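Structural description and commentary
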Amino acid sequence: MKLAKSIEEIRSDFPILSTKAHGKPLIYLDNGATTQKPLQVISVMEELYRTTNANVHRGVHYLSDRVSDRYEAARETVRAFINARSREEIIFTAGTTASINAIAFSFGERYVGEGDEIVISGMEHHANIVPWQMLCERRKARLKVIPFSEEGVLDLEAYRSLLSERTRIVAVTHVSNVLGTVNPVKEIVAEAHRQGIPVLVDGAQGIQHGLVDVTDIDCDFYVFSGHKVYGPNGIGVLYGKAELLNELPPYQGGGDMVANVTFEKTTYNVLPFKFEAGTTNFTGAIGLGTALDYLSALGREAVAEREQVLLAGATAGLSAIEGLRIYGTAPHKVSVISFLPGQIHQYDAGMILDKMGIAVRTGTHCAQPLMERYGITGNIRASMAFYNTEEEIEALVKGVKKVTEMFA
Amino acid sequence: MNINEIQDQIVEEFAQFGDWMERYEYLIDLGRSLAPFDERHKTPEYLIEGCQSKVWLYPSFENGIITFSAESDALITRGIVALLVRVFSGRTPAEIVGANIYFIEKIGLRENLSPTRSNGLLAMMKQMRLYALAYKSKQ
Ligand SMILES: Cc1ncc(COP(=O)(O)O)c(C=O)c1O
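Residues numbered from 1 in each chain as written. Chains lettered and ligands numbered in written order. Predicted model: local features only at pLDDT ≥ 70, side-chain atom pairs only at ≥ 80, totals over all residues. Heavy atoms only, no water.

**A word on the overall build of chain A**
In terms of helices and strands, chain A carries 14 helices and 17 strands. In summary, chain A has a C-alpha radius of gyration of 22 Å against a globular reference of 22 Å for 408 residues, a match within 12%. At a minimum sequence separation of 6, the contacts of chain A that also span at least 24 residues come to 72%. Looking at chain A as shown, the accessible area adds up to about 16100 Å², and 53% of this sits on carbon and sulfur atoms. Distance between charge centres in chain A, computed from 40 positive and 48 negative side chains, equals 3 Å. (Helix = DSSP H or I, 4+ residues; strand = E, 2+ residues; numbered from the N terminus. Rg over C-alpha atoms; globule rule 2.2 N^0.38 Å. Contact = heavy atoms within 4.5 Å. Areas by Shrake-Rupley, 256 points an atom, 1.4 Å probe, with all protein chains shown as cover. Lys, Arg positive; Asp, Glu negative; His and termini not counted. Charge placed at Lys NZ, Arg CZ, Asp CG, Glu CD.)

Next up, the structure:
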């Protein structure tokens, strides 16, 4: 598979990549935290404010109609991108965190009671831990955690034994933001469904690295953030199966989510509007649609392949450094690599790399339980996107070598 | 030497370095030569938790003088900790409370004190002042 554009063309689509950091060419390897935006996205946002700004679904006038059409077209783009069955199953939210909180609240209200159990995994981002803990506290329910191996592979045996007649929902990450592991979500879903338990998949790190087909995975909810898939921030998606979404109470009340309001009784609007209270981030949604179109035009499989090449290069280069330890060596990974060089503190290494113009993330990556599992206080994470180059990976490896010399 | 004279001295020391690499190498050396921290004081009470690195700060007060000892798990942070101890330790509470700290900015390490870095250094400086205020009110 070949990308539809050359690397030079791709890089020129992302103006920020020509930034100088501390006087050096910026090497942006923190794509797991947020991705950069192509000109296509930047200009559509500007164009919207210049030419097509009005509130969506709230006017019969020209501008409102135009922007509403584009908002709904963005919803269709998202639907097609993740292969959902219908547009009403695509709800725009503020991001992954907002989507998970919405489900933890609505689903919890409807289905979770005292003594019930929620199953998550040991490699979750705090966003897929804390909302469930809050729910457990509200409802006196219990959290069960799927363990994983040293390599960063979920223990499916243990997972099966965790499922019980008290399990109300399973919430697992598609891809670990620290280890890069791609979890076998299809199997996880199938196992839960055998016992009638719905599954939420946190797709924050899954959506940007290739094909995601929610119909094939058969998950009940799939959530992700626009800013991690080359789109704007403040926009995200909550995909949910219509049957289930129809059963859930709304989690926010306000305008647009209602059909009829009197002081005695309010009836709710249909999907997806029932879950989109208030003026939504329609510019963000349209920007996200543009970002997804950009990826589709580049070729999503080609993007994934390209990122695998970068991952292999980084893995080979970094593994060759004496004393360096890589966290996450699962057979099936995305282009995320976490490591620690010898006994060097991640913050020390990150600071020196930053001075070289290299942006990586240091710390716990919002996954403290995972760090505890490995007995470390944090590590360094390089996360690559298709616009990164072999030269940048070489610079990273060289930079880490220099760090090990400085702190030797 | 008073606090400002020590600050000026540090600024002068750093002025001899040509580039950032030399400055950081010097910080690493300073971090390595920081006086050892009594392990018994590595307790939550003296821990200043940063998201990125941890700092421990232990004060003592005798004859009107505050002595600080400190420690960090990251070496560069430790180097800056060493500088802060050099400036603040062995001072009266009044000197510390009245101090205007400018050397960090002048030696080009300001980013290390930004709240978003969350490395414990900013909190350490605040904590030093708080100890000084507490001792001052006891005097
Ligand atoms: C796996 C995972 N889940 C959830 C999130 C939270 O995403 P957001 O902060 O965009 O809501 C992240 C982002 O770092 C993530 O990596």
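Still more ground to cover, so stick around.
**Some remarks on the packing of helix H2 (residues 39–51) of chain A against helix H10 (residues 282–298) of chain A**
In helix packing, the relevant descriptors are the interaxial angle and the interaxial distance, both defined with respect to the helix axes. Residue and element names in this part refer to chain A. Interaxial distance between H2 and H10 falls to 9 Å at its minimum, and their mutual angle equals 150°. Looking at the two axes, H2 sits roughly antiparallel to H10. Relative to H10, the crossing made by H2 is right-handed. Residues Gln 40, Val 41, Val 44, Met 45, Leu 48 and Tyr 49 of H2 touch H10, and the partners they reach there are Thr 283, Gly 284, Ile 286, Gly 287, Thr 290, Ala 291 and Tyr 294. Here the contact of H2 with H10 is built from residues that sort into eight nonpolar, five polar and no charged. (Axes fitted to C-alpha atoms, helices over the stretch in contact; angles between N-to-C directions. Parallel < 35°, antiparallel > 145°, perpendicular 65-115°, else oblique. Left-handed = near helix turned anticlockwise from the far one by under 90°. Nonpolar A, V, L, I, M, F, W, Y, C, P; charged D, E, K, R; others polar.)

**Notes on the interface of chain A and chain B**
Every contact between the two is made by 17 residues of chain A and, on the other side, 18 residues of chain B. Carbon and sulfur atoms make up 59% of the area that chain A and chain B hide from each other, which totals about 1600 Å². By the criterion of area lost to chain B, the three top residues of chain A are Tyr 347, Lys 355 and Met 406 of chain A, representing 38% of everything that side buries. In this structure, the connection of chain A to chain B is made through zero salt bridges. On the surface where chain A and chain B come into contact, there are six residue pairs in polar contact (both at pLDDT 80 or more). Contributions of two or more residues to the side of chain A that touches chain B are made by helix H12 (346–355), strand E16 (361–363) and helix H14 (390–406) of chain A. Looking at the side of chain A that touches chain B residue by residue, the classes come out as seven nonpolar, five polar and five charged. (Buried area = accessible area lost by both parts, 1.4 Å probe. Salt bridge = Lys/Arg side-chain N within 4 Å of Asp/Glu carboxyl O. Polar contact = N/O pair within 3.5 Å; in protein donor to acceptor, adjacent residues only side chain to side chain.)

**Quick notes on the site of the ligand**
Residue and element names in this part refer to chain A. As a structural note, the neighbourhood of the ligand is formed by Thr 96, Thr 97, His 125, Ala 127, Thr 173, Asn 177, Asp 202, Ala 204, Gln 205, Ser 225, His 227 and Lys 228. His 125 places a polar side-chain atom, nitrogen or oxygen, 3.1 Å from an oxygen atom of the ligand. One nitrogen or oxygen atom from the side chain of Gln 205 is found 2.7 Å from an oxygen atom belonging to the ligand. Calculation on the ligand without its partners gives an accessible area of 400 Å², and the protein chains cover 86% of this total. Its residues placed into classes, the shell around the ligand shows two nonpolar, eight polar and two charged. (Near = heavy atom within 4 Å.)

**As for the environment of Glu 39 of chain B**
Residue and element names in this part refer to chain B. Looking at where Glu 39 falls in the secondary structure, it is placed in the loop between helix H2 (20–33) and strand E1 (47–49). Owing to a relative accessible area of 55%, Glu 39 belongs among the exposed residues under this scheme. Glu 39 sits 32 residues away from Glu 71 along the chain, and the two C-alpha atoms are 9.8 Å apart. (Buried < 20%, exposed > 50% of the residue type's maximum accessible area, 1.4 Å probe, protein only.)

Everything listed here is a matter of coordinates, which is why it stays silent on function.
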